[in-house]
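One letter stands for each residue in the lines below.
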Amino acid sequence: DPQAYDLLLKGLEMFRRFTAETNAEARSLFKQALELDPDFARAHADVALTHALDIQFGWSVANAELFENAFGHAQRALELDDKLVQALFSLSLLHMNKKEHDRALQVSQRMVSLHPSYADGYAQFAQMLVYAGEPEEALDKLQTAMELNPRHSFFYTWIEGHAHMMLGNTKRAEELFLNVIERNAFFPGAHLTLTALYGNENRLDDAEWQAVEILNLRPQFSLHTEAQRIPYRNKSHLEYYIEGLRAAGLPE
């Protein structure tokens, strides 16, 4: 349905801004596309993706109903097209958010095996590897993503910074996070990781400034909820992240 496809394109334009509000607007447009064409596999995949981002960045409470809805759309997309790359992307991200690291890595590997020229697939694979505790391998996958898409989004830059932070390359990580914020000041991921970095470096003035930005973007933020949400596999990585945020004075 041409109208459904037009709604999908409008939704993607909103989605790529990576804010809570634009993510919700994108989901509304994808659902409108499904009302016109219930068997539109890509629209199902992108509804799942908006739910995955809500969970990843704390824009929605990650409860069982939300996961069930998101996985339902991703699985429906794969029933309609079992090689649809966007459905595999969504599924990888959802498994990551559920801390099912091995399953997420399996889906990521299938995604890039089926679609070796899909840059975003390699970027998601890299992100998954950071959370799984393999930042060096993540940088290798991200390099492939950036070679495939030289005009890549700020999201790639954030993943690169995240990997460097976990490797202890804090100066390089800081440069990358600041670049992300310059490109999209409303993206919470960069503010969170930069705050954790500053807190662990005992740069408390900088950390507290970033903490204010986090609370502006997520007024209900708490360290307890964040520790439950963030999908680090390694306990030491989780402790580094949360202790850095704690040093910045963010609420428990």
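Quick caveat, the model's predicted, so the values are computed rather than measured. (Residues numbered from 1 in each chain as written. Predicted model: local features only at pLDDT ≥ 70, side-chain atom pairs only at ≥ 80, totals over all residues. Heavy atoms only, no water.)

Asks: Describe the overall build of the chain, listing the residues and the values that go with them.
Replies: Helices and strands together make up the secondary structure of the chain, namely 14 helices and zero strands. In sequence order, the secondary structure elements of the chain are arranged as α-α-α-α-α-α-α-α-α-α-α-α-α-α. For 252 residues, the compact-globule formula gives about 18 Å, and the C-alpha radius of gyration of the chain, at 18 Å, lands near that figure. Sequence-distant contacts, at least 24 apart, represent 61% of the contacts inside the chain between residues at least 6 apart. A total accessible area of about 11,400 Å² is found for the chain, and carbon and sulfur atoms account for 48% of it. Side chains of the chain carry 23 positive and 36 negative charges; the gap between the two charge centres is 2 Å. (Helix = DSSP H or I, 4+ residues; strand = E, 2+ residues; numbered from the N terminus. Rg over C-alpha atoms; globule rule 2.2 N^0.38 Å. Contact = heavy atoms within 4.5 Å. Areas by Shrake-Rupley, 256 points an atom, 1.4 Å probe, with all protein chains shown as cover. Lys, Arg positive; Asp, Glu negative; His and termini not counted. Charge placed at Lys NZ, Arg CZ, Asp CG, Glu CD.)

Asks: Tell me about the pattern of salt bridges, and please be specific about residues and values.
Replies: Tallied over the full model, the rule gives 17 salt bridges. Here Arg76 makes a salt bridge to Glu79, at a shortest N to O gap of 3.1 Å. Taken as a pair, Arg76 and Glu79 lie in helix α4 (residues 64-80) at a separation of three residues, close to a single helical turn. Judged by its relative accessible area of 29%, Arg76 is partly exposed. (Salt bridge = Lys/Arg side-chain N within 4 Å of Asp/Glu carboxyl O. Buried < 20%, exposed > 50% of the residue type's maximum accessible area, 1.4 Å probe, protein only.)

Asks: Describe in detail empty space enclosed by the protein, supporting the description with residues and values.
Replies: Counted by the stated rule, this structure contains one cavity of 30 Å³ or more. Forming the boundary of the largest cavity are Gln56, Phe57, Tyr131, Trp158, Gly189, Leu192, Thr193, Glu226, Arg229, Ile230 and Tyr241. Mapped onto the lining of the largest cavity, the elements with two or more residues apiece are α11 (188-200) and α13 (223-229). Looking at the lining of the largest cavity element by element, the count peaks at three residues for α11. Residue composition of the lining of the largest cavity, grouped by class: six nonpolar, three polar and two charged. (1 Å grid on protein atoms, 1.4 Å probe; cavity = no way out; pocket = protein on both sides within 12 Å on 5 of 7 lines; lining within 4 Å. Points joined across faces, edges and corners; volume = space filled by probe spheres on them. Nonpolar A, V, L, I, M, F, W, Y, C, P; charged D, E, K, R; others polar.)

Asks: If you had to explain unusual backbone geometry to someone new, which residues and values would you point to?
Replies: Trans is the prevailing form of peptide bonds, just as negative phi is the prevailing case for residues other than glycine. Of note, Lys99 is a non-glycine position whose phi angle comes to about 65°, a positive value. Position of Lys99 among the secondary structure elements: in the loop between α5 (85-97) and α6 (101-114). Exposure remark for Lys99: the relative accessible area of 35% places this residue in the partly exposed category. We note that Asn202 has phi near 60°; this positive angle belongs to a residue other than glycine. Looking at where Asn202 falls in the secondary structure, it is placed in the loop between α11 and α12 (204-217). Judged by its relative accessible area of 58%, Asn202 falls in the exposed class.

Asks: Quick one: what's the story with the packing of helix α1 (residues 2-15) against helix α2 (residues 20-36), residue by residue and with numbers?
Replies: Between α1 and α2, whose axes approach to 8 Å, the crossing angle comes to 170°. Between α1 and α2, the angle is such that the two are roughly antiparallel. On α2, the residues that touch Gln3, Ala4, Leu7, Leu8, Lys10, Gly11, Leu12, Met14 and Phe15 of α1 are Thr22, Asn23, Glu25, Ala26, Leu29, Phe30, Gln32, Ala33 and Leu36. A per-class count over the contact of α1 with α2 returns eleven nonpolar, five polar and two charged. (Axes fitted to C-alpha atoms, helices over the stretch in contact; angles between N-to-C directions. Parallel < 35°, antiparallel > 145°, perpendicular 65-115°, else oblique.)

Asks: Please provide a residue-by-residue account of α4, values included.
Replies: Over its 17 residues, α4 runs 24 Å from end to end, which matches the ideal 24 Å to within 8%, given 1.5 Å per residue. Buried within α4 we find Leu66, Phe67, Ala70, Phe71, His73, Ala74, Ala77 and Leu78. Angularly, the buried residues of α4 cover 155° about the axis, an arc narrow enough to put them on a single face. Looking at α4, the residues exposed on the side facing more than 90 degrees away from the buried face are Ala64, Glu65, Glu68 and Glu79. Looking at the buried side of α4, the elements it contacts are α2, α3 (41-56) and α5. The N-terminus of α4 is capped by Asn63, whose side-chain oxygen sits 3.3 Å from the backbone nitrogen of Glu65. (Expected span 1.5 Å × (residues − 1). Arc of directions from axis to C-beta. Polar contact = N/O pair within 3.5 Å; in protein donor to acceptor, adjacent residues only side chain to side chain.)

Asks: So, the side chain of Asp46: which residues are in play, and what are the values?
Replies: Looking at the secondary structure, you find Asp46 in helix α3. Relative accessible area serves as the criterion here: at 2%, Asp46 is assigned to the buried category. Not counting residues within four places of it along the chain, the set of residues in contact with Asp46 comprises Leu8, Leu12, Phe30 and Gln86.

Asks: Account for the layout of surface pockets, naming residues and giving values.
Replies: By volume, the largest pocket amounts to about 460 Å³. Lining the largest pocket are 20 residues, with Phe15, Arg16, Phe89, Tyr118 and Asp120 sitting closest to its centre. Elements that contribute at least two residues to the lining of the largest pocket include exactly α1, α3, α5, α7 (119-131) and α9 (154-166). What lines the second largest pocket is a set of 13 residues, among which Ser60, Val61, Ala62, Thr225 and Arg229 lie closest to the centre. With three residues, α13 is the single largest residue contributor to the lining of the second largest pocket. Within the lining of the second largest pocket, the residues separate by chemical class into four nonpolar, five polar and four charged.

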